[in-house]
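Summary of the model geometry
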Amino acid sequence: MDNKVIEEVKDAIMGMATGAASLSGWSAGQAVLIGAKVQEATTARVAQGQELSSALDASVPEAEMVLIMDVFCKALDETQDAMAAFERVVAIKRKATVGVPGADQAEKVAEVEYRDAIKAGLAPQAAVLSAFLSAGAIIRAMNASTH
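Scope of this entry: the structure provided in the associated data block. Quick caveat, the model's predicted, so the values are computed rather than measured.

Right, let's get into the overall build of the protein chain. Along the protein chain, the regular secondary structure elements total six helices and zero strands. Ordered by position from the N terminus, the helices and strands of the protein chain form the series α-α-α-α-α-α. Over its C-alpha trace the protein chain gives a radius of gyration of 16 Å, about what one expects of a compact globule, namely 15 Å for 147 residues. Across the protein chain, contacts joining residues at least 24 apart in sequence account for 62% of those joining residues at least 6 apart. Of the accessible surface of the protein chain, which amounts to about 8000 Å², a share of 60% is contributed by carbon and sulfur atoms. Within the protein chain, the 19 negative side-chain charges are centred at a point lying 4 Å from the centre of the 13 positive side-chain charges.

Shown next as structure tokens:
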């Protein structure tokens, strides 16, 4: 494959990933950042022999979590309060998902899952990962059924 074809494939991956992130409720700027991370991760997975569609499916939630964890960890360092850090991430995600099908249900699931995980003794970082992976899946499922 020549370099032009490789760049066209990378651009297509970036576009698909950015679109998927937008469907998951991220703002345009955040979706582009996620798209860039997805493009990098997907390219690496395909280079290791994974099919493109499954590589994209794995890379989008992974990239979303990178942003969520970055915000959460910074808030946790700043506040030293796991619930306050979680609420900050929820507030950002809520603003990004106004009007997105499934957003309200996803937020409720995330909050319950986070509180349950903390009560069960999970580290706050693990609890937020679990909560937002579930929430993201709900939003993607609701959007998939409307398109």
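By the element assignment, Q39 lies in helix 2 (residues 28-47). Filtering out sequence-adjacent residues up to four positions away, Q39 remains in contact with K10, I13 and M14.

With 20 residues, helix 2 should cover 28 Å at 1.5 Å per step; its first-to-last C-alpha distance of 28 Å lies within 8% of that length. Buried residues belonging to helix 2 abut helix 1 (3-23) and helix 3 (52-79). Once helix 2 finishes, G49 follows within two positions and takes phi at roughly 105°, a positive value.

Our focus in this paragraph is the environment of P101. Position of P101 relative to the elements: it lies in the loop between helix 4 (82-96) and helix 5 (103-119). The sequence separation of P101 and G15 amounts to 86 residues, and the corresponding C-alpha distance is 22 Å.

One non-glycine residue with positive phi stands out, namely Q80, at about 60°. Tracing the backbone shows Q80 in the loop between helix 3 and helix 4. Here Q80 falls in the exposed class, since its relative accessible area comes to 64%.

With that settled, the discussion passes to helix 4. Relative to the 21 Å expected for 15 residues at 1.5 Å per residue, helix 4 spans 21 Å between its end C-alpha atoms, a close match to the ideal helical length. Turning to helix 4, its buried residues number three or more, namely A85, F86, V89, V90, K93 and A96. Taken around the axis of helix 4, the buried residues stretch over an arc of 140°, which confines them to a single face. Packed against the buried residues of helix 4 are helix 2, helix 3, helix 5 and helix 6 (124-144). Between the side-chain oxygen at the start of helix 4 and the backbone nitrogen of M83 there is a gap of 3.0 Å, and the oxygen is on D81.

Throughout the structure, instances matching the rule amount to three aromatic pairs. A ring pair is formed by F72 and Y114, whose centres lie 6.4 Å apart and whose planes are at 75°; its orientation type is edge-to-face. Here Y114 lies in helix 5 and F72 lies in helix 3, a separation of 42 residues in the sequence. In this pair, the class of F72 matches that of Y114, namely buried.

What follows is about the pattern of salt bridges. Taken as a whole and assessed by the stated rule, the structure comprises five salt bridges. Taking the shortest distance from any N to any O, the salt bridge between K74 and D70 comes out at 3.2 Å. Here K74 pairs with D70, and both are found in helix 3, just four residues apart, close to one helical turn. Classification of K74 by relative accessible area gives exposed; the value is 53%. On the accessibility criterion, D70 (38% relative accessible area) is partly exposed. With a closest N to O distance of 4.0 Å, R115 and E87 form a salt bridge. Here R115, found in helix 5, pairs with E87, found in helix 4; they are 28 residues apart in sequence, far enough to count as distant. Judged by relative accessible area, which is 31%, E87 ranks as partly exposed.

Reading guide: rules and limits
- Residues numbered from 1 in each chain as written.
- Predicted model: local features only at pLDDT ≥ 70, side-chain atom pairs only at ≥ 80, totals over all residues.
- Heavy atoms only, no water.
- Helix = DSSP H or I, 4+ residues; strand = E, 2+ residues; numbered from the N terminus.
- Rg over C-alpha atoms; globule rule 2.2 N^0.38 Å.
- Contact = heavy atoms within 4.5 Å.
- Areas by Shrake-Rupley, 256 points an atom, 1.4 Å probe, with all protein chains shown as cover.
- Lys, Arg positive; Asp, Glu negative; His and termini not counted.
- Charge placed at Lys NZ, Arg CZ, Asp CG, Glu CD.
- Expected span 1.5 Å × (residues − 1).
- Buried < 20%, exposed > 50% of the residue type's maximum accessible area, 1.4 Å probe, protein only.
- Arc of directions from axis to C-beta.
- Polar contact = N/O pair within 3.5 Å; in protein donor to acceptor, adjacent residues only side chain to side chain.
- Phe/Tyr/Trp six-rings, centres within 6.5 Å; stacked < 30°, edge-to-face > 60°.
- Salt bridge = Lys/Arg side-chain N within 4 Å of Asp/Glu carboxyl O.

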